[in-house]
Amino acid sequence: MADHLHNNCQDLLGSLSEYIDGELPADLCHEIEKHLEGCENCRVVLNTTKRTIDLVQVPMEEEAVPEDVRERLFKRLQLDSYLHPKG
Amino acid sequence: MSETQTQSFSIDALRAGDRAEFARLVDAYSAPIYRLGLKMLGNPQDAEDVLQNTFLNALTHFADFEGRSSISTWLYRIASNEALMLLRRKKNTVNLDDFQPEDAEETPLPEVFVDWSTMPEDELLSGESKKALDTAVKKLPEALRMVFLLRDIEGISIRDTAEILNLTETNVKTRLLRARMFLREHLSTYYSERLTREEKKDG
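Residues numbered from 1 in each chain as written. Chains lettered and ligands numbered in written order. Predicted model: local features only at pLDDT ≥ 70, side-chain atom pairs only at ≥ 80, totals over all residues. Heavy atoms only, no water.

Novice: Tell me what's going on with the overall build of chain B, and back it up with residues and numbers.
Specialist: When helices and strands are counted, chain B shows nine helices and zero strands. Counting helices and strands in the order they occur from the N terminus, chain B gives α-α-α-α-α-α-α-α-α. A buried classification covers 51% of the 203 residues belonging to chain B. A fraction of 69% describes how many contacts in chain B between residues 6 or more apart in sequence connect residues 24 or more apart. On chain B, roughly 10,100 Å² of surface is accessible, and the fraction owed to carbon and sulfur atoms is 49%. (Helix = DSSP H or I, 4+ residues; strand = E, 2+ residues; numbered from the N terminus. Buried < 20%, exposed > 50% of the residue type's maximum accessible area, 1.4 Å probe, protein only. Contact = heavy atoms within 4.5 Å. Areas by Shrake-Rupley, 256 points an atom, 1.4 Å probe, with all protein chains shown as cover.)

Novice: Could you give an account of unusual backbone geometry, with specific residues and numbers?
Specialist: Located in the positive-phi region is A:Gln78, a residue other than glycine, with phi close to 55°. Here A:Gln78 lies in the segment after helix 4 (67-76). Although it is not a glycine, B:Asn166 adopts a positive phi angle of roughly 55°. Inspection of the secondary structure puts B:Asn166 in the loop between helix 8 (158-165) and helix 9 (169-202). Take B:Asn166: its relative accessible area is 73%, and that puts it in the exposed class.

Novice: Summarise the side chain of B:Ser188; cite the residues concerned and give the values.
Specialist: Structurally, B:Ser188 can be placed in helix 9. In this structure, B:Ser188 is in contact with A:Thr48, B:Val112 and B:Trp116, ignoring residues within four places of it in sequence.

Novice: Talk me through the packing of helix 7 (residues 142-153) of chain B against helix 9 of chain B; I want residue IDs and the actual numbers.
Specialist: All names here are of chain B. Two numbers describe how helix 7 lies on helix 9: the axes approach to 8 Å, and their chain directions differ by 95°. By the angle between their directions, the pair helix 7 and helix 9 is classed as roughly perpendicular. Taken together, the residues of helix 9 that come into contact with helix 7 (itself represented by Ala143, Leu144, Val147, Phe148, Arg151 and Asp152) are Val172, Arg175, Leu176, Arg178, Ala179, Arg180 and Leu183. Residue classes in the contact of helix 7 with helix 9 are distributed as eight nonpolar, no polar and five charged. (Axes fitted to C-alpha atoms, helices over the stretch in contact; angles between N-to-C directions. Parallel < 35°, antiparallel > 145°, perpendicular 65-115°, else oblique. Nonpolar A, V, L, I, M, F, W, Y, C, P; charged D, E, K, R; others polar.)

Novice: So what's going on with the confidence of the model for chain B? Residues and values would help.
Specialist: Any region with low pLDDT has predicted coordinates that should not be read closely. Confidence in the prediction of chain B, expressed as mean pLDDT, is 89, and 90% of residues score 70 or more. Taken element by element, the predicted model of chain B shows its lowest mean pLDDT in helix 5 (residues 121-124) of chain B (88) and its highest in helix 3 (residues 44-61) of chain B (97). (pLDDT = per-residue confidence, 0-100.)

Novice: Can you explain the pattern of salt bridges? Please cite residues and give values.
Specialist: Considering all chains together, one arrives at 22 salt bridges over all chains under this definition. Across the pair A:Glu18 and B:Lys173 runs a salt bridge, and its minimum N-O distance is 3.4 Å. One end of the pair, A:Glu18, is in helix 1 (residues 7-20); the other, B:Lys173, is in helix 9, on a second chain. Taken together, the shared-partner salt bridges in this structure form one network comprising A:Asp21, B:Arg151, B:Asp152 and B:Arg180. (Salt bridge = Lys/Arg side-chain N within 4 Å of Asp/Glu carboxyl O.)

Novice: So what about the side chain of B:Asp152? Which residues, and what values?
Specialist: Following the sequence through the fold, B:Asp152 ends up in helix 7. There is a polar contact of 2.9 Å between the side chain of B:Asp152 and the side chain of B:Arg180. Non-local contacts of B:Asp152, meaning those with residues more than four positions away in its chain, are made with A:Ile53, A:Val56, A:Gln57, B:Leu176 and B:Arg180. (Polar contact = N/O pair within 3.5 Å; in protein donor to acceptor, adjacent residues only side chain to side chain.)

Novice: Go over the environment of B:Ala58, please, and point to the residues and values.
Specialist: All names here are of chain B. With respect to the helices, strands and loops of the structure, Ala58 is situated in helix 3. The exposure class assigned to Ala58 is buried, which follows from its relative accessible area of 0%. When the C-alpha positions of Ala58 and Ala79 are compared, they lie 9.4 Å apart, and in sequence the two are 21 residues distant. Once residues within four sequence positions are removed from consideration, Ala58 is found in contact with Trp74, Leu75 and Ile78.

Have a look at this one:
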């Protein structure tokens, strides 16, 4: 399916990350937006890439430091007396 | 971005061996460092090793910290080195990822063009979806995964990520783009199969 991509699409792809992060100069953004208006596949790639980044930024519950891990860490660092209260 | 990065710590106190200040630093950075370990190594035991080794290492090297970078960048550098070292030590088999040219010229082109971005939030965040995302992150080649975790999960700037990993900013940008494209492709495949499955069910 990738054979539909012409040079403009490849250029856009190369700047996609920076475009999403708002790190491109205005004239380049304008060029990209002009291309996006007429290219559905690139719009899909942009939307789904943005969404991908949103999704990974939703924190997952199991990623907090478990209490027993924190306890062992503090003991290893000889910080026992600072275990409680947290913070 | 976590609130960790907005806290400040006294380097002088840390150098002088102030235990309370060190405990405060440990609590502030434990979560992101543990998370980095988990995502790089893929299991809680190794993540705990990364966490402990990072702070043990920091403790013995406060004297060497020159303050040219922030304490956050310095800690992340120790943590990412610990994670990569452990990863290398644990690899008994040859991994195909090692043969992928990390910064070759071309980023693979997208192949799946299904727009799943408008799917309802609760479907995108279901348990099954999260698992698919986690699997995709685990499949990222290490060199890309580390950049992606620092930049997109921890919200660290391109410049600081480059400093942490001793890469150029251009390298970081290339790897970040590639990591995002890789994940997008995996998620697109997953969601398009799911949409097809649901259409069949409804029809």
